[in-house]
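# Inside the fold
Each chain, written out:
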Amino acid sequence: MAEAADFQGTPSPARRWLRRTGALLAGAPLLAGLIQLSMAAPAQAAGSDAVSVALDSLSPSAPGDGDTLTVSGTVTNNGKQAVTDAQVDLRVGAQLSTRSAIDSAAQHSDDLQSSLGTAVGGKYTEDFDSLAPGVAEHFSISVPVDKLDLGQDGVYQFGVSLSGQTAAQPWNQVLGIQRTFLPWQSSEAGTKTKTTYLWPLISTVHVTAKTGAGELQTPVFLNDDLAKEISPGGRLAQMLALGKDLDVTWVIDPDLLASVDAMTRGYRIQGAGDSTTAGTHQAVAKQFLADLQDAVADKEVVALPFADPDLASLAHNGTSVTGSLSHLKDATDVAATTVQTVLHVTPSTDFAWPVNGAVDPSIIKVATSAGADTVIARSDSLQETGGLSYTPSAARPIGGGTTAVVADARLSTAFEGDLTEADSATLAVQQFLAQSLELSAQTDKQRSIVVAPQRTPSASQAQAMATAITALQGSNWSQSQDLAAAAKDKPDAGATTKIPSSSAYPSSLRKQELPRTAFEQIARTQDKLDNFQVILTNQSRVVTPFGRAINREMSTSWRGRGSEADSFRTGVESWLDSLTDQVKLIDKSETKLSGRSATIPVTVQNNLVQGVDHLVLRLTSTMPTRLEIGGKAYYEQPVEVSGGHSQSVKFSTSANANGRVGVIAQLYTEDGQEYGAPVQFDVKVTEVTPTVMLVIGGGVLLLVLAGFRMYTQRKRAAARRAEEGDGPDATDDGTTDAPDAPETPETKSSEGTEGPGNPDAGGHRRLEESGARSGADDPEQPSDPTPDTAPESADPSGTGERVDR
């Protein structure tokens, strides 16, 4: 009874102590486990930062049955304590069944909290006794594929992990991991996906509008960066070296070919101000073109419009500016000729490629306006809305006889990141191949897939692309196809053909577009060029370099470089202005006109290398009631001036009253457009009065009377001598020599001297040679310029220039 009472009631002190001790001893293992778990979780979380795993190489990238997989890379201890008993393991994770699952896994490639996968183990590991802090250790493990226990064909997660322990955490644990993808197609697929990969050979703008004055018209480059790109090891040189061994479609900007071709014949580099220096990479340019000719032989070549014009900028900001679309047509027309001339292949010009494949109705309209009937779009712009369970073929009819070739966005953007590190490039390659295999496994239906990468891949990006393409071409699920064939393939019935609206165009791309002001400046430059070329005897020397420069002003390569684009456009326009200013009128000072009529010379100077014609010089009187030119208010004469010379054109004038009259000289083209700045000067008319005429008449009368008296006196003297006998002045017939008459202005003017009063003087002959029609028979004036045996001085005429009758 007592025991019962103790049990049911308050326990004795001894019993309570025993019970507490027993509970403590029983809970000790559980507490120790909880403490260990609480310590392990932070340790594992910290492990992702403590040790990094870099996967530098995985070969083959897409293994087949019977292959041996070799994985190499580095492990680096980023912590402050050494890692002991370290071991590198290969791990095979779960099979991924969708393309989005691949995207998700790629975002968590080094997450220790995600599934680690099963370690291959055995001898397929690499051990390190200790990893010192801050030290990277290289590893390389080779394993037969059949040891990986891969199941059915598909994409598997594949990882490399490092496990070990530290002094602070003395138990074995995974401290770092790097995951990637292992595409597994053990044998030839029953239906292979046809894959088209575009290989872009595009650069930025390098050539200015300036050329040398000689016959070769040596081009002037902005800098020598193109030489760096095409030299061995340069970006374009590597693109060429890699692409020649790939089954790809070459997409080439003809401007690049024209620029390199120009380098082969000599070029100059723009310096400070107007200075230039000689380029020295002619041999490099020749070798690059020779190698490119070999690489593209028997390959599909697509030529973009010259200088790769920005179609989206043109569609959104340029179509409202008159003449903008004509530049696109011009760039398209010259593209095929350039490629054929330089590479000796016939390219396709049927394709238009907007930036990033982003399209809207206005872009499609502009892209096809110059003759292209196929637009290269991208699936993140032309998104599927039909609910297809697979990625459809690239070709889509979008109306009006136009086809959109929709490149796959995931594959096209796979190599846009920083791939300078080997591990980044390896991960990009494996993800690309995984997406390609997963796409192919979506359906048994054969499809045509197009990959359109970034326009100007870096050298490291190009190397990763080439690695992926090589693996893809050797894979069991893909086969290569040309772009033209992909565009002609039968489209999927359920694939979307609706072009997105303009509001759907990415704002990030719209911010990089050329503004409307750029197209207005282009139009202004074109107007100046049109006005200038009509006066030239050799138009191609100017039209060709400036036409190509205007194409370059619209280049896609200016995106993200607004200030450089503005500077280039300004440079083109300024250079054109400087050339047009080489043909101009020479300034004149005030001209004095004594009498009612005279000729006024106006000088046209041409400092160009070539001659100019089709010019008209108009001289206009601001007060025709006082001063008429050619019998009316103004008079025009045609002008032709040889290169490096000047020409004076003479105008007949008649004055009706004394005083100062303003006169305006202006050059015009034959179609009536003003050319250059006008020259204004005053003509001061000082007409001869009746009083002056009386004075002059009286003087002449006195002179005649004096002469008559002298003659009479000499006649009488001669008669007296005759009466006295033969004199020294007698002749055989009894006559005498007449005395010498005084030299009068009339007799003096009849001499054959090159004077202002002689119509046969050199100045008049020069006027006849110039083809001047008015005033050719008028006497020249003291103000007329000297014969043009050398380029005439451009200095203004002297003050008080006098034009006499």
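Look a little higher up for the structure.
Residues numbered from 1 in each chain as written. Predicted model: local features only at pLDDT ≥ 70, side-chain atom pairs only at ≥ 80, totals over all residues. Heavy atoms only, no water.

## Some points on the sheet that holds strand S1 (residues 51-59)
To be explicit about the condition: Any two strands between which DSSP finds at least two bridges are classified as paired. Secondary structure elements are taken from DSSP: a helix is a run of H or I of four residues or more, a strand is a run of E of two residues or more, and numbering for both begins at the N terminus. Structural elements are reduced to axes, namely lines fitted to C-alpha atoms, with helices fitted over the stretch in contact, and the angle between N-to-C directions of any two is expressed from 0 to 180 degrees.
Taking strand neighbours across the sheet as the criterion, the 3 strands line up as S1-S2-S6 in an open arrangement whose pairing is antiparallel. Each edge of the open sheet is held by one strand with a lone partner, namely S1 and strand S6 (136-144). When strand polarity is set aside, the average angle formed by the axes of neighbouring strands in this sheet is 20 degrees. Of the strand pairs in this sheet, S1 and strand S2 (residues 68-77) are connected by 8 bridges, and their pairing is antiparallel. Considered in S2, the bridge of Ser 59 is made with Thr 70.

## What about the packing of aromatic side chains?
Geometrically, a pair of aromatic rings is defined through the distance of the ring centres and the angle of the planes. Defined as follows: Two rings from Phe, Tyr or Trp (for Trp, the six-membered ring) form a pair when their centres are within 6.5 Å of each other. A pair whose planes differ by under 30 degrees is stacked, one over 60 is edge-to-face, and the rest are tilted. Burial classification: accessible surface area is computed with a 1.4 Å probe over protein chains only, and a residue below 20% of its type maximum counts as buried, one above 50% as exposed, and the rest as partly exposed. Either the NZ atom of lysine or the CZ atom of arginine qualifies as a charge over a ring when it sits within 6 Å of the ring centre and within 35 degrees of the ring normal.
Counted according to the given criterion, the structure contains 5 aromatic pairs. Judged by centre distance (5.0 Å) and plane angle (55 degrees), the ring pair of Phe 221 and Tyr 267 falls under tilted. With Phe 221 in strand S11 (residues 219-221) and Tyr 267 in the loop between helix H6 (254-264) and strand S13 (268-270), this residue pair connects regions lying 46 residues apart in the sequence. In this structure Phe 221 comes out as buried when scored by relative accessible area, which is 0%. Ring centres of Phe 415 and Phe 432 lie 5.4 Å apart, and the angle between their planes is 40 degrees; on these two criteria the pair is classed as tilted. Residue Phe 415 is located in the loop between helix H11 (409-412) and helix H12 (422-440), and its partner Phe 432 is located in helix H12; the two are separated by 17 residues in the primary sequence. In this structure Phe 415 comes out as buried when scored by relative accessible area, which is 1%. The exposure class assigned to Phe 432 is buried, which follows from its relative accessible area of 2%. Through a chain of ring-to-ring contacts, the aromatic side chains of Tyr 197, Phe 415 and Phe 432 assemble into a single cluster. Cation over ring: Lys 588 sits above Phe 681, and NZ or CZ is 5.4 Å from the ring centre.

## Here we look at the packing of helix H16 (residues 516-533) against helix H18 (residues 562-580)
So the rule is basically this: Any angle that is under 35 degrees is reported as roughly parallel, and any over 145 degrees as roughly antiparallel; angles of 65 to 115 degrees are reported as roughly perpendicular and all others as oblique. Definitions for this section: a left-handed crossing has its near helix turned counterclockwise from the far helix by less than a right angle. A right-handed crossing has that turn clockwise. Two residues form a contact once any of their heavy atoms are found within 4.5 Å.
Between H16 and H18, whose axes approach to 10 Å, the crossing angle comes to 20 degrees. Classified by the angle between their axes, H16 and H18 sit roughly parallel to one another. Regarding H16 and H18, the two cross each other, and that crossing is left-handed. In this structure, H16 contributes Ala 518, Gln 521, Ile 522, Arg 524, Thr 525, Lys 528, Leu 529 and Phe 532 to the contact, and H18 contributes Asp 566, Arg 569, Thr 570, Val 572, Glu 573, Leu 576, Asp 577, Leu 579 and Thr 580.

## Quick word on the environment of Asp 350
Inspection of the secondary structure puts Asp 350 in the loop between helix H9 (324-343) and strand S16 (351-352). Between the alpha carbons of Asp 350 and Leu 304 there is a distance of 8.8 Å; along the sequence they are 46 residues apart.

## Quick word on the nonpolar core
The condition that has to hold: Definition of nonpolar core: a set of buried residues of the types Ala, Val, Leu, Ile, Met, Phe, Trp, Tyr and Cys, connected through side-chain atoms within 4.5 Å.
Formed by 75 residues in total, the largest nonpolar core has its most connected members in Phe 532 and Leu 617. Here the element with the most residues in this core is H16; it accounts for 6 residues. When sequence neighbours within four positions are dropped, the list of residues in contact with Leu 617 reads Leu 585, Val 602, Val 604, Tyr 635, Glu 636, Gln 637, Val 639, Val 649, Phe 651, Ala 665, Gln 666 and Leu 667. Counting 63 residues, the second-largest nonpolar core is a separate cluster that includes Tyr 197, Ile 230, Phe 288 and Met 465.

## Topic: unusual backbone geometry
The omega torsion of the bond from Ser 59 to Pro 60 falls at 0 degrees, within 30 degrees of zero and hence cis. Checked against the element boundaries, Pro 60 lands in the loop between S1 and S2. The backbone of Asp 149 shows a phi angle near 55 degrees, a positive value even though the residue is not glycine. Here Asp 149 is to be found in the loop between S6 and strand S7 (154-165). Accessibility expressed as a relative area gives 69% for Asp 149, which makes it exposed. Positive phi is not limited to glycine here, since His 344 has a value of about 65 degrees.

## Description of the pattern of salt bridges
Basically, it comes down to this: A side-chain nitrogen of Lys or Arg and a carboxyl oxygen of Asp or Glu constitute a salt bridge if their distance falls within 4 Å.
Using the criterion set out here, one finds 24 salt bridges in the structure. Of the charged contacts, one joins Glu 384 and Arg 396 as a salt bridge, the two residues approaching to 2.7 Å between their closest N and O atoms. With Glu 384 in the loop between strand S17 (374-378) and strand S18 (395-399) and Arg 396 in strand S18, this residue pair connects regions lying 12 residues apart in the sequence. When its relative accessible area of 2% is taken as the criterion, Arg 396 is described as buried. Residues Asp 566 and Arg 569 are paired through a salt bridge, measuring 3.4 Å at the closest nitrogen-oxygen approach. Of this pair, Asp 566 and Arg 569 both sit in helix H18, 3 residues apart, roughly one helical turn. Given the relative accessible area of 5%, Arg 569 is considered buried. Three or more residues are tied together by salt bridges with common partners; here these are Arg 524, Lys 528, Glu 573 and Asp 577.

## Details of helix H17 (residues 540-553)
Where we set the bar: Under the convention used throughout, the expected extent of a helix is 1.5 Å for every residue step, that is, one less than its residue count.
Between its terminal C-alpha atoms H17 stretches 19 Å, which fits the 20 Å expected from 14 residues at 1.5 Å a residue. Along H17, the positions that sit buried rather than exposed are Arg 541, Val 542, Pro 545, Phe 546, Gly 547, Arg 548, Ala 549, Ile 550, Asn 551, Arg 552 and Glu 553. For H17, the elements touching its buried residues are strand S10 (207-211), H6, H9, H16 and H18.

None of the figures reported here should be taken as evidence of function without further support.
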